[in-house]
Amino acid sequence: MTAIKDAVVVVTGGRRGLGAALVDGALARGAWKVYATGREPFTDARPEVVPVELEVRSDDSVAALAELAGDATIVFNNAGIMTPTPLVTGAPREIEAMFDVNAFGPLRVARAFAPVLAANGGGALVDMHSVLSWLSGAGGYGASKAAAWSITNSLRTELAGQNTQVVGVHAGFIDTDMVSAIPLPKATPAAIAAAILDGVEAGDVEVLADDITAATKAALSGPVEALTLPAGA
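Quick look at the structure, then.

The rules behind the values
Residues numbered from 1 in each chain as written. Predicted model: local features only at pLDDT ≥ 70, side-chain atom pairs only at ≥ 80, totals over all residues. Heavy atoms only, no water. Buried < 20%, exposed > 50% of the residue type's maximum accessible area, 1.4 Å probe, protein only. Helix = DSSP H or I, 4+ residues; strand = E, 2+ residues; numbered from the N terminus. Core = buried A, V, L, I, M, F, W, Y, C linked by side-chain atoms within 4.5 Å. Contact = heavy atoms within 4.5 Å. Expected span 1.5 Å × (residues − 1). Pairing = 2+ DSSP bridges. Axes fitted to C-alpha atoms, helices over the stretch in contact; angles between N-to-C directions.

A word on unusual backbone geometry
(1) Moving on: The backbone of Asp 6 shows a phi angle near 70°, a positive value even though the residue is not glycine.
(2) Moving on: We classify Asp 6 as exposed; its relative accessible area is 54%.
(3) Moving on: Located in the positive-phi region is Asn 163, a residue other than glycine, with phi close to 65°.
(4) Moving on: As for its position among the elements, Asn 163 is in the loop between helix H4 (139-158) and strand E6 (165-170).

Here's the deal with the nonpolar core
The nonpolar side chains of a soluble globular protein tend to be buried with one another.
(1) Moving on: If you look at the biggest cluster of nonpolar residues, it comprises 31 residues, and the most contacted ones within it are Val 9, Phe 76 and Ile 196.
(2) Moving on: Elements supplying a minimum of two residues to this core: strand E1 (8-11), helix H1 (17-28), strand E2 (33-38), strand E4 (74-77), strand E5 (124-128), E6 and helix H5 (189-202).
(3) Moving on: If near-sequence neighbours (up to four positions away) are discounted, Ile 196 is found in contact with Leu 18, Leu 22, Phe 76, Val 126, Met 128, Val 169 and Val 207.
(4) Moving on: With 24 residues, the next largest nonpolar core counts Leu 65, Ala 72, Ala 110 and Val 116 among its residues.

Observations regarding H1
(1) Moving on: The terminal C-alpha atoms of H1, which comprises 12 residues, lie 17 Å apart, in line with the 16 Å expected from a rise of 1.5 Å per residue.
(2) Moving on: Extensive coverage of H1 is indicated by the burial of nine of its 12 residues.
(3) Moving on: Those residues of H1 that fall on the buried side of the exposure criterion are Leu 18, Gly 19, Ala 20, Ala 21, Leu 22, Val 23, Gly 25, Ala 26 and Leu 27.
(4) Moving on: Considering only its buried residues, H1 is in contact with E1, E2, strand E3 (49-53), E4, E5 and H5.
(5) Moving on: Residue Gly 30 follows H1 closely and has a positive phi angle near 100°.

Some points on the side chain of Asn 77
(1) Moving on: Along the polypeptide, Asn 77 turns up in strand E4.
(2) Moving on: Judged by relative accessible area, Asn 77 falls into the buried class, the value being 4%.
(3) Moving on: Those residues in contact with Asn 77 that sit more than four places away from it in its chain are Thr 12, Pro 106, Val 109, Ala 110, Leu 125, Val 126, Asp 127 and Met 128.

Side note on the sheet that holds E5
(1) Moving on: Spatial ordering of the open sheet is given by E3-E2-E1-E4-E5-E6-E7, a layout of seven strands whose pairing is parallel. The outermost strands of the open sheet, each flanked by one partner alone, are E3 and strand E7 (206-208). On average, adjacent strands in this sheet sit at an angle of 15° to one another, irrespective of strand direction.
(2) Moving on: Relative to E4, E1 runs parallel, the two being bridged by three bridges. Looking across to E4, one finds that Val 10 is bridged to Val 75.

Right under this line is the structure:
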């Protein structure tokens, strides 16, 4: 388990949506400092928040963040992109971009921060996946999140020796700009952030943040054809 109180936290994609809720939630639980990243420069008036420009597709940008945040004890890999791109007919560049941001981006961050976390006692690395890691019908996005899930599971094994708690987070649809056009019920960012932070503090290695995610995980041992995105999504 990893304490949020007095922690130094990094939240990629921390400017809005779930990332902003993670920043707010960490501060509410007593985090000492939060590095919050965005793709463009931004400001935050709270003295505990350090706004940082970050491009997760760039090794140099990620390395610069790790150097700046050398005191980090918890890293939330939250930055991601989503486009409705089918695998067969969609633009290859859009599929490649989602893999680069959603799968290779968190891996770049993990590789850069692994020695930082080790030097600071182990800490926690938290990767944001999706229920669409397990459901067909989400095209390039679902495939990229499935890859991210596999990456996290391997990172958990590789980082166990340095006492880093590696947490994989799966959630359904969250009421953010990214999924605003999907006509399905959505959880609030604050509720999902609270579930994630609870899991980190409890020592969990996987967080199933809502009911649809728990039901889908339970169905993984069943027929694969049943693992399909709900109609209308």
